[in-house]
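Chain by chain, the residues run as shown.
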Amino acid sequence: MIQIKTPHEIGLMRASGLVTAGAIAAVKAAVRPGVSTGELDAIAEDHIRSAGAVPNFLGYHGFTGTICASINDEVVHGIPNPDRVLAEGDNISIDCGAILQGWHSDSAVTVTVGSASAEDAGLLEVTERSMWAGLAKAIAGGRLTDISHAVEESITANERRYGIVDHYGGHGIGTEMHQDPHVLNYGRAGRGPKLVPGLVLAIEPMVTIGDPATVELDDGWTVVTKDGSRAAHFEHSVAITPEGPWVLTAEDGGVAGLAPFGVTARH
Ligand code: MG
Ligand code: MG
């Protein structure tokens, strides 16, 4: 069932989104060689709890972290660990979410520790741009797969071939973290549910340097590429409003990220 939010509820989701945005910014600022993913997790949890919110990943089907910390060939769902220490040149995806007044937010970013190789810089840029291409289609009057198609097209438009991870994808979000509909990161445009004001979606492309096939590790969580190639993951929660997309987990509401697509964000 798709949950349609009132403007008031979207305002509450924006407050939740800003908590998550702040947590991710705090973690990003702490990323450096020698820091452990356990330390990064504590930074995110402190930020969320200080804001009067609750981490939504912690305890989710038994997950033990506030963030998912996925390094290099890990695509998503890496478990924070005080013994897992970042090194120069690692890529780390930080996925984080919060519940404030009962409303969820969910966002992710991938960063390189220190300086990035040209290949890694390209991977991160392509993945982030594809997320914004999808967010730019979060427009009332469109259809769900307009978003999926825009994500895919943005990735396949590159001269270099990248893998688009299957199975995992975006989702509705509201009074639960994962709601209908599932948002594929590929597909033909013009299909699926109509995009209407009050629909809130998390859009989250996962892209690989090599083959996109993945496997889950024995820890029951960490998803890695089968071929060991590096992956990147970006995510924002976006509300469809009569005034345009409102990127709830972006500090500026998505103004800067959507501008290159000629889309004006509500903010
Ligand atoms: Mg997430
Ligand atoms: Mg998500």
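You'll find the structure just up there.
Criteria and cut-off values
- Residues numbered from 1 in each chain as written.
- Chains lettered and ligands numbered in written order.
- Predicted model: local features only at pLDDT ≥ 70, side-chain atom pairs only at ≥ 80, totals over all residues.
- Heavy atoms only, no water.
- Patch = residues over 30% accessible without salt bridge, like charges linked within 9 Å, V, L, I, M, F, W, Y side chains within 5 Å.
- Areas by Shrake-Rupley, 256 points an atom, 1.4 Å probe, with all protein chains shown as cover.
- Salt bridge = Lys/Arg side-chain N within 4 Å of Asp/Glu carboxyl O.
- Helix = DSSP H or I, 4+ residues; strand = E, 2+ residues; numbered from the N terminus.
- Expected span 1.5 Å × (residues − 1).
- Buried < 20%, exposed > 50% of the residue type's maximum accessible area, 1.4 Å probe, protein only.
- Arc of directions from axis to C-beta.
- Contact = heavy atoms within 4.5 Å.
- Polar contact = N/O pair within 3.5 Å; in protein donor to acceptor, adjacent residues only side chain to side chain.

So, about a nonpolar patch on the surface. Among the surface-exposed residues, I2, I4 and V196 lie close enough to one another that they form a single nonpolar patch of about 200 Å² accessible area. Within the element layout of this structure, V196 appears in the loop between β8 (179–183) and β9 (200–203).

So, about helix α2 (residues 37–50). Between the first and last C-alpha of α2 there are 20 Å, a value that for 14 residues agrees with the 20 Å anticipated at 1.5 Å per step. Along α2, the positions that sit buried rather than exposed are T37, L40, D41, A44 and I48. The arc that holds the buried residues of α2, viewed along the axis, is 100°, so those residues lie on one side. Opposite the packed face of α2, turned more than 90 degrees from it, sit the exposed residues D46 and S50. Packed against the buried residues of α2 are α1 (7–30), β1 (54–55), β2 (67–71) and β4 (91–100). Following α2 by one or two positions, G52 has its phi on the positive side, about 80°.

In this model helix α3 (residues 118–135) runs 26 Å from its N-terminal to its C-terminal C-alpha over 18 residues, within 8% of the 26 Å that 1.5 Å per residue would give. Among the residues making up α3, those that are buried are D120, G122, L123, L124, V126, T127, S130, M131, W132, A133, G134 and L135.

Relative to the helices and strands, S16 is located in helix α1. Residue S16 is classed as buried on the basis of its relative accessible area of 0%. Reaching out from S16, the side chain makes a polar contact with the backbone oxygen of W103 at a distance of 2.9 Å. Leave out the neighbours within four places in its chain, and S16 touches A98, I99, L100, W103, H104 and S105.

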